[in-house]
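# Descriptive analysis of the structure
One-letter residues, chain by chain:
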Amino acid sequence: MLTREEDIDVHALKKRGWTVSAIARHLGRDRKTIRAYLNGDREPGVRRKAEGEDWFEKFATYCSARLVEDPHLWASTLFEEVQALGFEASYPTLTRELRKRGLRPACEPCTPAKGRPVAVIEHPAGVETQWDWVDLPNPPAGWGWGKNAHLLVGALSHSSQWRGVLMPSMDQPHLIDGLDRITRALGGVSRDWRFDRMATVINPDTGRVQASFAAVAKHYGVRVVACPPRRGNRKGVVEKANHVAAQRFWRNLPDDVTVEQAQQRLDTWCQAKGDARQRVTPEGKTTVAVVAAAEPLSVPPAAPFPAVLNVGRAVSAQALVSWRGNRYSVPPELAGAQVRLHLRLGSGHLDITTTSPTGLTVPVVIARHRLAPDGAGVMVRDHGHVIALEQAALTASTPAAPHRSKARIPPGEAARAAAEALRVAAGAEPAPAQVNRTPASGKEVVIDLARYAAAAEGRNTLF
């Protein structure tokens, strides 16, 4: 087979008067090959098929039957099977023939949604809200959330307006808290709430609504609709919102922001950028915000569903516990300890209790505070906690200077007496008594050397 470049050279050399033999020697090809390209019998870049019968046809029937039975059968396993049936070619030849003939059928359950035909689903105004969780990797270390942060996203199917709430956990109380906050941010409650098969809402085994979530649906007056399994396109509105949140909000989030600041950045982006997207309606071009404002949504309940959030916190050295951008006081003797925070949605107060590692003891409420607005940065302190903390701090403080690490401190009288008692008990001789040279008065003695000089005056010998 000649390439297109070689075919061009062959025709150019022929026009210059070169013979077929000379061109063949120049290109290192056979004369019959050169003559075939000059006569137009062969096409450059196309390998000539071998003449004769199709040698692979006798194996194609077996390979097709095996791959229909098992579309996931490895080609290497099939190669070993056909080798036992007399296949003498190589493994790459087998795979090439399988691809060329299209013998491996597509497995419908395993085929991804991408590339499939997608039907247009009508979303009437005010009918459906789609919900989904997004795992956001590597949150800032200051959050203390571990490897992943969790973003609950809710999107109106008709207008595609969406909002999100950052959460440390995907348990049912946090889900209910996020549902309420997003519903109020979207402006109301739609008729249906569509979920994928998340275990906190839908029973994975039966596909029915969880009994614990049925009361939530009744509280908000919605109908819970579950997506069919492995059909992500059915809730494509919220899936697109998930993608946008991960790429345009989370990807460039700085490390030095708090959870409340990150939530504020997300809310601002949704209002300034997300709601400004253009939409085409029968009346003309408009924005997502205008279409969403026209949706007939129901008024949400006056108070959230009374779920109880239960999270753990560490008490700081100032006897304070952090919660959603604010700090709340506890008794000072709990500094450095682990406590639990209990918040009943809609109650307006925060309970701080002791921990129960084994679950056998009942937690004791050690402090109750009125909730401050999220992200206000305030310090809520009980008057009794303030006084107790000040007394504990004053008691622990001392005006004495700290001891020097290189000071010389020999054993005192008490230590020497104890050492002497140990020696006597061991049978050793008592140590000689030390003469106390300190005067009885306890005052320092001053020696006048002038008297010694007067006594020694006029003496010639020392004795």
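Residues numbered from 1 in each chain as written. Predicted model: local features only at pLDDT ≥ 70, side-chain atom pairs only at ≥ 80, totals over all residues. Heavy atoms only, no water.

All right, on to the pairing of strand 7 (residues 284–287) then. With four bridges connecting them, strand 6 (residues 278–281) and strand 7 associate as antiparallel partners. The residue bridging Q278 from the neighbouring strand is T287, located in strand 7. Count of turn residues in the strand 6/strand 7 antiparallel hairpin: two residues. (Pairing = 2+ DSSP bridges. Helix = DSSP H or I, 4+ residues; strand = E, 2+ residues; numbered from the N terminus.)

The subject of this paragraph is the packing of helix 1 (residues 4–15) against helix 3 (residues 31–38). Packed helix pairs are characterised by how far apart their axes lie and by the angle those axes make with each other. In the contact formed by helix 1 and helix 3, the axes pass within 10 Å of each other and the chain directions differ by 85°. It follows from the interaxial angle that helix 1 and helix 3 lie roughly perpendicular. For the pair helix 1 and helix 3, the contacting residues are D7, V10, H11 and K14 in the first and I34, Y37 and L38 in the second. Each residue belonging to the contact of helix 1 with helix 3 can be placed in one class, and the counts come to four nonpolar, one polar and two charged. (Axes fitted to C-alpha atoms, helices over the stretch in contact; angles between N-to-C directions. Parallel < 35°, antiparallel > 145°, perpendicular 65-115°, else oblique. Contact = heavy atoms within 4.5 Å. Nonpolar A, V, L, I, M, F, W, Y, C, P; charged D, E, K, R; others polar.)

This part covers the side chain of D180. With respect to the helices, strands and loops of the structure, D180 is situated in helix 7 (residues 172–186). Looking at D180, its side chain comes within polar contact range of the side chain of Y220, at 2.7 Å. Non-local contacts of D180, meaning those with residues more than four positions away in its chain, are made with Y220 and P304. (Polar contact = N/O pair within 3.5 Å; in protein donor to acceptor, adjacent residues only side chain to side chain.)

As a further point, take the pattern of salt bridges. Two side chains of opposite charge can pair, provided their charged atoms sit close to one another. If you walk through the whole model with that rule in mind, you get 21 salt bridges. Note that K235 is salt-bridged to D132, the shortest N-O span being 3.1 Å. Taken as a pair, K235 in the loop between strand 5 (223–226) and helix 9 (236–250) and D132 in strand 1 (residues 128–137) lie far apart in primary sequence, 103 residues in all. The class for K235 is buried, based on a relative accessible area of 4%. With relative accessibility at 8%, the residue D132 sits in the buried group. The structure contains a network of salt bridges with shared partners spanning D54, E57, E97, K100 and R101. (Salt bridge = Lys/Arg side-chain N within 4 Å of Asp/Glu carboxyl O. Buried < 20%, exposed > 50% of the residue type's maximum accessible area, 1.4 Å probe, protein only.)

Here S160 lies in the loop between strand 2 (148–156) and strand 3 (162–167). S160 sits in the buried class, given a relative accessible area of 11%. Leave out the neighbours within four places in its chain, and S160 touches V237, R277, R279 and V288.

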